[in-house]
Amino acid sequence: MEEYIRIKKIIVSKTKRVLLQNTFLPLERGVIAGIYGRTGSGKSTLMRVIAGVKTAYTSGLEISILWEPANLYRDFSNSIGFIEQCPRDNLITRRVNDELFFSLQSTGLSEDECSEKLDDISRLFNIRSLRERSAIELSEGEAQKIAIVEALCRDCELLLLDEPTAYLDEQSKQAFVEVLRNLSIQKPNCRIILSSHDAQLLSRVCNSVYEIRNQSIVKIDPHSLQRQNLISTFDKIDMNANKTVLSVRNLSFSYKSRKVLENINLDCKRGERVVIYGQNGVGKSTLLQLIAGLMKRYNGKIEIQSKDIRDLHDIWPEIIYLAMQEPNEQILSETVQEELELNYLFWEQSFDPSLVVGSTPLGNIFREWNISLDDQTFTLSYGQKRVLSLVPIFFKKPKLLLLDEPFSGIDYELRQRLMNILDSLSKEGTTICMTSHEHQVWQISSKVFNL
Amino acid sequence: MSTKDKTKALSREGSIYKLHTVSKLSLIIALGLVFFLHDPRKITIFAILILALCFWSYTDFIRHPLKILFILLVVAGSFLYDWRTSQPFEKIFIGGARLALVMTLGFLAESMFSDRELRILVGRRLSPLLIGSLVGIQRMGEINKNILHAQKVRGIHLCWSLRKLYRWFSSWGYAFFVNIARLTETVHYQFILRGYGQFKPSLLLKKKWNLVDYLAIIITFLVIIIAIIPWSRISGFFNV
C-alpha cells in the first residue's frame, strides 16, 4: 500500500501566508527523502507538523492540516525520531548520559544493553568524553551530535531530521552520512525525511529529493543539486600593509576546571576576513565571545585598535558587533519593526522604515524572503531570524564584525546576498572574524585560523 | 579521554549518583525527618550528615559555592548555639535551620537522582512537568546570560532615561519569557516523542546492589535512630 502524508493547508495565521496547500509527500520504507527549499519556505514547519508537534508559539502561529489517516502523535510517539533544527531544543535531561539512555531505557533495555547499542555510534561521532558532562555545558555542535546519536540508535519507523548537520564539523558530517546510509540498509522499514540547505549532503545521501516550491512539494532530481560555491568579489590581496585591528596574545580560558583555549595568538588587519575553524567543542564560539568582551576572566591579552578590550567597555558597542550562534536568543522584541527600532533608540536616532522596505540591499532581502515589519519575531523561520539578528551590521558598520556560524540554516541564494554585503563591508574597512565549518566559506576568506 | 575527564569519571563511579535508587530514596526520606526535629543538637548532626553527603555526591552541588555556604551557615550557627540554656531565638533558629536543611536536601536529591529515576518516583503525570521545569530552571541562567550578552552587543544598555530603562527591561523580559516558553514547549514534546510513558518502573529495581548501598542503608538506620530516640538516651549511651 502506498504511504504518504497529505497536507490540505498549512498557514501562518498572523500574516495569513500560506506555506503549503493541497500537496502530499510520499513515504517510502528504507528510503531517505530529502526536503529542500528556500529560507522560510516551511521546511521546519512541515517537519514539526509531520512529527505531530504543534508549531504554535501562542502568539499567532496556527496550522490547519488534514491527516490521512488521522493520528495523534502520542499514539505512535515511540515510532518517531525527531531532531529539531535548534540543537539545544533536542536536549531534555541534565546529563549527557541520561540524554543518550532516555529513549532506549524507555523501551525496556537495561543500562548494559543501552551502552552496547550506543558504543559503536558513540565511537564514530567521538562523543565518549562528553558522556559524563552536564548537558548545558555542551557547545551547539556537541549538542547536535548527542541529538543525532540518540535518534539514530532508536528503532524508529519514521525519522525526521531537520538541518541535522548545520553545526557539525567535517569529521562528524562524514560519520553522519555513513551512519545514515547504513541505517537505510539495516532497517528497511524505517522512513527517513531529511531537511537541509546543504545541496551536497542531500545529493550524497538521499534517494529522492523534494523541493518546497510555490506552496507545493515537488520531486526533483537529487543529482541536479550541484555543489553551490559562494562567489566573492573580495580580493585576496596582501593585508600586511594594513593596520592591525585585532590582536590576541597568549589567550587562555577555562570553564571551571575544563580548559578550552590555551595560548591562542591571532592578528587581524583592517578589512581582513578571517575564518576560525576547528572540531566541535574546541572553543570557537568562546573565542568570539572573549574578543567581544563578554567574558572577562581570561589570561592573556585581547587588543582592539591597540587598546585592551577591558578598557573599551564604554565605547565597544560602537566598534564591535557579534552575531551569536543561536539567533533565538539575540532577538529581543515582539515584532520586526520593534526589533529594528530598539537599536535606534539606544543610538539616539530614529528608525527609517524605508531602509527595509525600499530597494536597498536589505529591503530586497526582506521582500524576497518574506520578512515584513509587522511579522512577529518568534514566528519567523530559523533562517529569517538569523537575517534579523544580522540587521544591526547594515546600520552600524562596525570596525570589527564577529560572526558565529552566520550561514547555518539559510539557503544558498540568501548566503550569496549576505556574502555580497560582507564584501562591501570588507572593502569599506570592516574586519570580519567568523567561525564556520564550511569549506566554501574558507575559500573566500583571506585567512583561515585552525583552532 | 583526557586525564581530567578520566578523574572526573572515576570520581563519579564512587559517587552517590551511582547508588541503588532504593538506597538513595531511603537516605533522602530519613534525612527528611529533619523537618520534624526540635532538638538543635540533632539538627546539627543532620546538618553534618547532609554536608557529608553533598561532598560524597560529587555533583554540581559541591561546585556551587552559594549552596555550600548555605549549609555551612546552618552547621556553624548550630555550633554557636548554646545547647544547655534556653535562648530567646531558639524557635527562630530551629525553624530556620529546619527549612534551610530541607531546602538543601532538595538540592541534594535533585543532583543525586537521574532524570529516569525522578520520572518513576514522581509519577507519570507529574514528572514531565517536574523534569521540564528542572531543565528550564537549569537553563534559565544560561538563557538570561545570553540575552544580557545580546543586549550588550547591540549596545542596549541600562541607563537612567525612563524610556530607555523601560525598553531595556521590556526587551529582556520579552526575550527571556519567550525563550523559556520555547524551551518548555520543546522539552515537553521531546519527552513524549522519545517514549516517555513506556518506561517500566520495575527496571529500577533490577539495578545491582553495591557495598556502598549497604553503607547508605546503615546511615539511614542511624539517622532514623537519632531522629526517634530522645537526646538524653543518646548522650547517656555515649557518656556525653
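Let's talk about the overall build of chain B
Counting secondary structure elements, chain B contains 11 helices and 0 strands. Overall, chain B shows an N-to-C arrangement of helices and strands of α-α-α-α-α-α-α-α-α-α-α. The buried share of chain B, reckoned over its 240 residues, is 29%. Across chain B, contacts joining residues at least 24 apart in sequence account for 78% of those joining residues at least 6 apart.

A word on unusual backbone geometry
All names here are of chain A. If you check the backbone angles, Asn370 has positive phi at about 55 degrees while not being a glycine. Among the secondary structure elements, Asn370 is positioned in the loop between helix H11 (361-368) and helix H12 (382-390). Assessed through the 18 C-beta atoms surrounding it within 10 Å, Asn370 is described here as partly exposed. One non-glycine residue with positive phi stands out, namely Glu405, at about 50 degrees. Looking at the secondary structure, you find Glu405 in the loop between strand E15 (400-404) and helix H14 (412-427).

A look at the pairing of strand E14 (residues 320-323) of chain A
Residue and element names in this part refer to chain A. Residues Ile320 and Leu322 of E14 are buried on one face, and the alternating residues Tyr321 and Ala323, pointing to the opposite face, are buried as well. Here E14 pairs with E15 via 4 bridges, running parallel. Within E15, the residue paired with Tyr321 across the bridge is Leu401.

Section: the sheet that holds strand E4 (residues 80-83) of chain A
Residue and element names in this part refer to chain A. A sheet is described by the order of its strands in space; here 6 strands give the open sequence E4-E5-E6-E3-E7-E8, paired in mixed fashion. Each end of this open sheet is capped by a strand with a single partner; those strands are E4 and strand E8 (216-220). If you compare each strand with its neighbour and ignore which way they point, the axes differ by 20 degrees on average. In this structure, E4 lies alongside strand E5 (residues 158-162), joined through 4 bridges in parallel fashion. Paired with Phe82 across the two strands is Leu160, which belongs to E5.

Thresholds, definitions, all that
- Every chain is numbered independently, its residues counted from 1 as its sequence is written.
- As they are written, the chains are lettered A onward and the ligands numbered 1 onward, keeping that order.
- In keeping with the model being predicted, local features are shown solely for residues with a pLDDT of at least 70 and side-chain atom pairs are shown and tallied solely at 80 or more, while totals for entire chains, interfaces and linings include all residues.
- The helix and strand labels rest on DSSP assignments: H or I over at least four residues marks a helix, E over at least two residues marks a strand, and numbering proceeds from the N terminus.
- The burial criterion counts other C-beta atoms lying within 10 Å of a residue's C-beta, which is placed from the backbone; the residue is buried at 20 or more, exposed at 12 or fewer, and partly exposed between these limits.
- A residue pair is marked as a contact if its C-beta atoms, positioned from the backbone, fall within 7 Å.
- Following DSSP output, two strands are said to pair if at least two bridges run between them.
- Here an axis means a line fitted to C-alpha atoms, over the contact stretch when the element is a helix, while the angle between two N-to-C directions is reported on a 0 to 180 degree scale.

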